[in-house]
Amino acid sequence: MLNKKIFIISFSLLFLYPCFSNAKGISDVSRLTEDKEFSASFGAEFKTGANKSGTGHDDISAGTIDELGVEIDYTFLDDWTVSFSTGNDYADSQVGFSYKVLTYDGFKLDLSADYGIAWTKNAKTDERIGYNNVDAGIRIHGIAGDAFQWAAKVTGQFVFAEPQNFWNLGITLEGMYYFSDVLALKTEFNFKFKEIEAPVTLYDRSIKAGIVYNMSDNASVHPYIKYHFKTKNSEHSEILPDDDWKLGVEFSVVF
């Protein structure tokens, strides 16, 4: 019940604001970084209650931080961006770059690549925790009309997990609609084919929706609700059934 109330309240707030056009903000899904710009985002997700498999918590007050992420970007020569981030599924941190191929007003295309560094070890056993991994992606994004933005990204990832390495393939769809100059509704859908044929492909799906409030031209806050569906075929791996709700918040800033 608590999850449903939070969901209803969050989306009801959207309709208290009049509609304006030509809105822009730091968290736009179709935003282009500028030359010599540093930007950063950070946030956390919390499990909000028991899931269908009974592996979650009984109430929100008993929740624990499920994911804590940080990303720092620096853009140079207008079209190149280098990044450092945490929250990778297989390593504690990763470094990467992206390149803007097309930058038309209504349609943009980026290429990116990242390397996940599995440098963490168990202090007692000296056993490495996590796996080195590399990924490459292509992202298209643009603006439709005065207030709607969209994006789609396809990412291929190779994980070095001896004795059996494996591939992942991810698809991300994003949409963002501005209700005023400073307030927008942002939605995101993720679908991953994980551990492809090793020994069986896992199907990992989640959907996220929330509001973005641009506090200034250089800072924004993005509270959201996320539902992670049960990973299909997860009974063939060590992954526990994981159909659960999450509450999260992300902060973004340019400096």
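Owing to the predicted nature of the structure, the values given are computational and were not obtained by experimental measurement.

Calculation notes
Residues numbered from 1 in each chain as written. Predicted model: local features only at pLDDT ≥ 70, side-chain atom pairs only at ≥ 80, totals over all residues. Heavy atoms only, no water. Helix = DSSP H or I, 4+ residues; strand = E, 2+ residues; numbered from the N terminus. Buried < 20%, exposed > 50% of the residue type's maximum accessible area, 1.4 Å probe, protein only. Contact = heavy atoms within 4.5 Å. Areas by Shrake-Rupley, 256 points an atom, 1.4 Å probe, with all protein chains shown as cover. Salt bridge = Lys/Arg side-chain N within 4 Å of Asp/Glu carboxyl O. Phe/Tyr/Trp six-rings, centres within 6.5 Å; stacked < 30°, edge-to-face > 60°. Lys NZ or Arg CZ within 6 Å of the ring centre and 35° of its normal. Polar contact = N/O pair within 3.5 Å; in protein donor to acceptor, adjacent residues only side chain to side chain. Pairing = 2+ DSSP bridges.

Draft legend 1. Region of interest: the overall build of the protein. In terms of helices and strands, the protein carries one helix and 14 strands. Out of the 255 residues in the protein, the part that is buried amounts to 41%. Counted over contacts in the protein with a minimum sequence separation of 6, partners at least 24 positions apart contribute 52%. Accessible surface, the protein: about 14,300 Å² in total, of which carbon and sulfur atoms supply 60%.

Draft legend 2. Region of interest: the pattern of salt bridges. Counted by the stated rule, this structure contains eight salt bridges. Here Lys 246 makes a salt bridge to Glu 45, at a shortest N to O gap of 3.9 Å. Taken together, the positions of Lys 246 in strand β14 (residues 244-254) and Glu 45 in strand β1 (residues 37-47) put the pair 201 residues apart, joining distant regions of the chain. For the residue pair Lys 246 and Glu 45, the accessibility class agrees, reading buried in each case. Between Arg 139 and Asp 110 there is a salt bridge; the shortest N-O distance is 3.9 Å. With a gap of 29 residues between them, Arg 139 in strand β8 (residues 132-144) and Asp 110 in strand β5 (residues 108-117) connect regions that are remote in the sequence. Owing to a relative accessible area of 18%, Arg 139 belongs among the buried residues under this scheme. Among the charged side chains, a salt-bridge network with shared partners connects Glu 45, Lys 226 and Lys 246.

Draft legend 3. Inspection of the packing of aromatic side chains at higher detail. In the structure shown here, the tally under the stated rule is 16 aromatic pairs. With 5.1 Å between their ring centres and 80° between their planes, Tyr 177 and Phe 179 make a pair best called edge-to-face. Residue class for Phe 179 comes out buried when judged on its relative accessible area of 11%. Members of the aromatic cluster, connected to one another through ring pairs, are Phe 38, Tyr 74, Phe 76 and Phe 255. The ring of Tyr 224 carries the charged tip of Lys 208 above its face, separated from the ring centre by 4.4 Å.

Draft legend 4. The arrangement of the side chain of Gln 94 in detail. Relative to the assigned elements, Gln 94 resides in strand β4 (residues 93-103). There is a polar contact of 2.4 Å between the side chain of Gln 94 and the side chain of Asn 88. The residues touching Gln 94, leaving out its near neighbours within four places in the chain, are Ser 83, Phe 84, Ser 85, Asn 88, Asp 114, Tyr 115, Gly 116, Ile 117 and Asp 135.

Draft legend 5. The arrangement of the environment of Asn 168 in detail. Structurally, Asn 168 can be placed in strand β10 (residues 166-178). Non-local contacts of Asn 168, meaning those with residues more than four positions away in its chain, are made with Tyr 90, Thr 155, Gly 156, Gln 157, Val 159, Phe 193, Lys 194, Glu 195 and Ile 196. In this structure the side chain of Asn 168 is engaged in a polar contact, spanning 2.8 Å, whose partner is the backbone nitrogen of Glu 195.

Draft legend 6. Main features of the pairing of β10. Of the strand pairs in this sheet, strand β9 (residues 148-160) and β10 are connected by 12 bridges, and their pairing is antiparallel. Following the sheet pairing, Lys 153 is matched in β10 by Thr 172. In this structure, the hairpin formed by β9 and β10 is closed by a connection of five residues. With 10 bridges connecting them, β10 and strand β11 (residues 183-194) associate as antiparallel partners. Across the sheet, Leu 169 pairs through a bridge with Phe 193, a residue of β11. Linking β10 back to β11 in an antiparallel pair, the connection comprises four residues.

Draft legend 7. Broad picture of the environment of Val 101. By the element assignment, Val 101 lies in strand β4. Once the C-alpha coordinates of Val 101 and Leu 111 are considered, the two residues, 10 residues apart in sequence, prove to be 7.1 Å apart. With sequence-adjacent residues up to four places away left out, Val 101 is seen in contact with Leu 109, Asp 110 and Leu 111.

Draft legend 8. Seen up close, unusual backbone geometry. Not every positive phi belongs to a glycine, and Asp 78 is a case in point at roughly 65°. Residue position: Asp 78 is located in the loop between β2 (65-76) and β3 (80-86). Residues other than glycine seldom take positive phi values, yet Glu 195 does so here, at roughly 50°. Here Glu 195 lies in the loop between β11 and β12 (202-216).

None of this, on its own, says anything about what the molecule does.
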